[in-house]
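Observations on the three-dimensional arrangement
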Amino acid sequence: MNLSIKVFCRMTLTKNYGLNGVIVSLVFLASFSFGYFERGVKLSFAEEIETLRIVGSTTVAPIAARAAEMFSKKHSGIRIIVNGGGSGVGINAVGRGLAEIGLASREVTLKEKKRFENANLKDHAVGRDGVACAVSSEIFYAGVTELTRQQIANIYSGKIKSWKDLGGPDRPILVIDKEKHRGTRHVFMNYVFGNVNARARGARLVTGSNNEERSKISQSDSAVGMLSAAWLNGDVKGIALKQDGVSISPTEENIRSGKYPVIRDLLFITAGEPKGILKEFIDFVRGEGGRSIVLESGYVPIHSS
Amino acid sequence: MFPFIVPDRRRNADPLFWSTVFSAGLVLATAVIFSSYLFWESLPVWDQGLWAFLTSVEWDPGEDVYGAGAMIYGSLIVTSLALLFALPFALCGAITASEFLSPRARLVFKGAMETMAGAPGVVYGLLGAAMLSLWVKDFFGLIDGSTLFTAGILLGIMILPTIMTLAEDAIHSVPGEYRDTALSLGLTPLQAFFKAVAPRALPGIIGAVLLGLGRALGETIAVMLVIGGLDIIPMGLDLFSPGQNIPSKLGREAAEAIGSGMHWNALIALGAILFTGTMMLTAAGSWLLRRRAV
Amino acid sequence: MNKRMLDRGLLGIIYLIALVGMIMMLAVLWEVVRRGWPALSLEFLLQPSSNFGAEGGLLYQTLGTIILMAAAVLIGFPIAVGSALFQTEYVRSEGVRAFFRAIIFSLNAVPTILFGLAGYLFFGVYLETGVSWLTGALILAIMILPTIQASIQSSIECLPEKYREVGMSLGMTPWALARRIVLPQCWHGAITGALLGLARAAGETAAIMFTAAAFSGATWPRSFADPVPTLQTHILVLAQDSADATSLTHAWGAALVLLAIVFFLILTSLVIRSRFSMEAQR
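Residues numbered from 1 in each chain as written. Chains lettered and ligands numbered in written order. Predicted model: local features only at pLDDT ≥ 70, side-chain atom pairs only at ≥ 80, totals over all residues. Heavy atoms only, no water.

Time to look at the side chain of Ser 57 of chain A. Looking at the element boundaries, Ser 57 of chain A is found in the loop between β1 (51-56) and α3 (61-74). Here Ser 57 of chain A is in contact with Gly 86, Ser 87, Leu 103, Ala 104 and Ser 105 of chain A, once residues within four sequence places are set aside. (Helix = DSSP H or I, 4+ residues; strand = E, 2+ residues; numbered from the N terminus. Contact = heavy atoms within 4.5 Å.)

With that out of the way, let us pick up the pattern of salt bridges. Any two side chains of opposite charge can pair, so long as their charged atoms come close to each other. The final tally for this structure, using the stated rule, is 28 salt bridges over all chains. Asp 226 of chain C serves as the salt-bridge partner of Arg 79 of chain A, at 2.1 Å between the closest nitrogen and oxygen. Of this pair, Arg 79 of chain A sits in strand β2 (residues 79-83) while Asp 226 of chain C sits in the loop between α8 (174-203) and α9 (231-239), on two different chains. By relative accessible area, which is 2% here, Asp 226 of chain C ends up buried. With a closest N to O distance of 2.7 Å, Asp 169 of chain B and Lys 110 of chain B form a salt bridge. In this pair, Asp 169 of chain B sits in helix α7 (residues 148-172) while Lys 110 of chain B sits in helix α5 (residues 103-117), placing the two residues 59 residues apart along the sequence. Judged by relative accessible area, Asp 169 of chain B falls into the buried class, the value being 15%. Within the structure, one salt-bridge network assembled from shared partners comprises Glu 179, Arg 182 and Glu 212 of chain A together with Arg 252 of chain B. (Salt bridge = Lys/Arg side-chain N within 4 Å of Asp/Glu carboxyl O. Buried < 20%, exposed > 50% of the residue type's maximum accessible area, 1.4 Å probe, protein only.)

Residues and elements named next belong to chain C. On domain assignment, one finds that chain C holds domain 1 (1-39) and domain 2 (41-281). On a C-alpha basis, the centres of domain 1 and domain 2 stand 32 Å from each other. Each partner contributes to the interface: domain 1 provides 7 residues, whereas domain 2 provides 9 residues. Here domain 1 and domain 2 share an interface that buries about 730 Å² over both sides, 82% of which is from carbon and sulfur atoms. Among the residues of domain 1 in contact with domain 2, Val 32, Arg 35 and Ala 39 are the three that bury the most area, contributing 66% of the side total. The tally of links between domain 1 and domain 2 comes to 0 salt bridges. Viewed at the interface, domain 2 and domain 1 are joined by 1 residue pair in polar contact (both at pLDDT 80 or more). (Domains from an automatic or database assignment. Buried area = accessible area lost by both parts, 1.4 Å probe. Polar contact = N/O pair within 3.5 Å; in protein donor to acceptor, adjacent residues only side chain to side chain.)

As a further point, take a nonpolar patch on the surface. On the surface, Ile 33 of chain B together with Phe 122 and Tyr 126 of chain C cluster together to form a nonpolar patch covering roughly 330 Å² of accessible area. Mapped onto the fold, Tyr 126 of chain C is located in helix α5 (residues 112-126). Given a relative accessible area of 61%, Tyr 126 of chain C falls into the exposed group. (Patch = residues over 30% accessible without salt bridge, like charges linked within 9 Å, V, L, I, M, F, W, Y side chains within 5 Å. Areas by Shrake-Rupley, 256 points an atom, 1.4 Å probe, with all protein chains shown as cover.)

See below:
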């Protein structure tokens with residue numbers, strides 16, 4: 001970068017009023033680079049889908065990635081590329097035809113449906129997951145193991161600022177929010193505030209993927225955040241939600257039975273009904289082979305409940 | 001027809017001439033299309049009121065409410081912090097290398113700095129996310145290390161070699177006679193530098209700083225990982241609050257909004273602001289750097 | 001005497017601050033090497049990554065980075081050569097030259113993420129190349145074009161006038177002039193430019209993170225519409241998982257590999273440049 005700046009400076013120092021010309025042939029290389037371009041355009045119009053592009057929610061991505069690995073072992077000649085980015089990104093990509101499957105950990109919003117009317121988005125549930133209110137393990141072990149909905153709402157709207165008010169240590173709360181389009185956030189905010197787009201005025205940090213959120217919570221000793229239940233571990237604990245005197249932890253059992261209140265379906269979204277290899281792949285994920293993958297990823301298979 | 005082109009009839013029959021014209025045209029078209037796209041796509045946002053967009057802090061794609069205030073504030077703060085942090089090191093390094101190092105040591109020094117200046121932003125981002133933000137958190141006793149301060153320091157480290165070697169060039173290009181004259185008048189080497197060399201190198205040094213700032217303003221990845229991502233203007237001048245700057249906002253939200261709707265227009269409008277900012281900095285910087293040669 | 005003392009003291013402070021700055025740079029390097037080194041092994045370099053980067057190696061990431069930067073230079077280089085020759089050889093009005101110089105300079109100053117946004121919309125959406133290595137290469141080509149062109153142009157402009165005069169007095173055609181005189185004298189400018197362009201493309205993340213890169217499942221591209229995994233985006237994703245020890249080790253390993261590639265390219269260009277600029281001065 002700075003070398004190029006220096007070269008610029010040097011360039012402007014030397015004044016040379018060029019005489020008649022010196023010419024180097026470029027036609028070959030230039031046409032070569034354009035030939036590339038032409039072929040690229042044609043190939044992306046190819047009738048037969050050999051590459052499946054899957055983009056979206058980082059919650060669903062492990063299922064897709066594992067399933068892709070197994071599926072492409074059985075079917076040679078197909079390649080499945082999985083990318084994260086978030087539910088909003090996945091829906092946008094499939095709506096614009098930039099991916100064959102969009103991953104979402106929330107439902108498609110009305111606004112998105114309206115925008116991608118022509119794409120005729122169809123969703124296929126592949127599993128079920130709970131969204132945990134996650135805290136740093138230090139807080140969990142210091143005694144904050146359950147919260148009511150109102151308490152969480154107060155934390156996120158900035159009314160409660162210290163763990164002391166919740167029976168924990170005298171430490172300020174590090175409130176971690178997520179990017180607005182993330183599926184986990186939609187589901188969580190819908191539970192806490194009854195509005196998927198609710199503002200979190202008490203937030204101190206905004207993160208993106210599940211990985212990022214989990215890192216931030218575990219690096220801190222006083223954080224609270226929203227996290228897919230499958231991402232919980234020794235450093236990041238899911239808090240039980242207290243409703244009508246009963247507390248329900250985000251355990252696999254409670255999510256499976258539907259007792260845990262914040263659950264959502266994990267979706268594969270396609271434009272129109274899937275056909276051919278796309279259908280085969282989705283059937284595979286929803287079938288027996290997919291079940292074990294969903295379980296292995298820490299989620300609840302959809303047909304078992 | 002084109003009086004600025006060298007007159008030579010043979011050129012019209014020469015395909016090589018036309019291929020160079022084609023290349024130059026392509027470069028020109030790229031620049032024109034790119035900048036007009038930025039401003040064209042951000043028009044819908046300007047229509048809603050330029051001043052409101054620049055100053056409002058509300059950014060809510062769900063409600064189609066957009067204000068760039070927090071991002072602009074964050075960009076300004078982070079860039080100034082980076083400058084304040086990098087400047088003393090860069091200037092002292094430049095003075096030392098140019099005035100007091102042997103030619104051979106200077107060459108090694110310069111080579112090292114120019115190489116470091118090319119280090120990818122994502123490597124700095126990793127350093128920031130995995131180390132610097134944790135240090136900042138522990139050292140200042142914060143609840144989290146993702147702050148405007150962290151981002152500023154990280155950017156400062158990042159632009160340090162760029163500013164250092166450009167400033168060194170500016171100082172080194174001052175002719176030796178100035179130093180000799182000053183020394184023969186009985187001044188110490190340092191006095192000679194400050195009295196005779198520095199005033200002449202000053203425009204070049206400022207140019208170097210502006211170019212470094214241009215780079216800091218546009219850096220995305222390193223900032224994105226450590227700034228906190230919160231669209232607020234903190235109360236007072238709280239550097240240890242999380243914030244947001246323009247490139248980081250673009251990096252986090254662009255993929256979701258790509259191609260359509262007001263959200264995209266608002267992001268492109270942010271881009272246009274950023275573009276204008278870096279362009280002014282680099283234009284001023286390069287003008288100053290060039291001036292020293294005359 | 002007092003004045004001398006003050007001078008000494010001031011000089012000491014300047015040295016000290018400069019030293020601290022140097023140490024800071026070295027510490028950056030040292031940390032990357034120290035943390036990346038344990039991750040490096042032949043298997044790490046030659047295995048594909050699996051399980052979202054937590055296992056396996058960097059084979060396709062490295063390959064992807066190399067493909068992207070090579071394709072970018074392949075596309076950008078001829079255009080840069082052509083555009084540089086047009087300005088040095090055919091334009092005689094200083095105003096027009098200054099105009100072109102300003103254009104190139106502005107392109108160089110554009111924050112790379114903006115190239116990512118606009119380039120993606122133009123190539124990826126409008127020309128339907130999608131999220132693919134082709135889109136990334138085209139965007140990177142535009143990004144590094146000013147770097148390459150400036151290097152070529154400065155080396156052509158440094159060519160002594162008499163070389164051309166001799167050539168023309170021998171009645172050479174323009175093509176012969178270029179092949180016999182300009183190219184042998186200026187190739188180092190083109191090579192330096194290409195190397196710097198490669199280095200810039202290799203280190204760039206923002207412009208390709210949502211236009212060309214894939215995280216899981218992509219290997220070497222089989223068509224122009226395929227995305228590739230790259231070292232840069234690999235580090236970016238793993239850096240977000242920085243509380244996880246294995247992810248972090250892999251991230252540092254990838255950072256070290258990337259840094260090695262970039263530094264190798266820059267150092268080579270520095271060596272070539274200094275050697276030839278010395279020769280030209282003689």
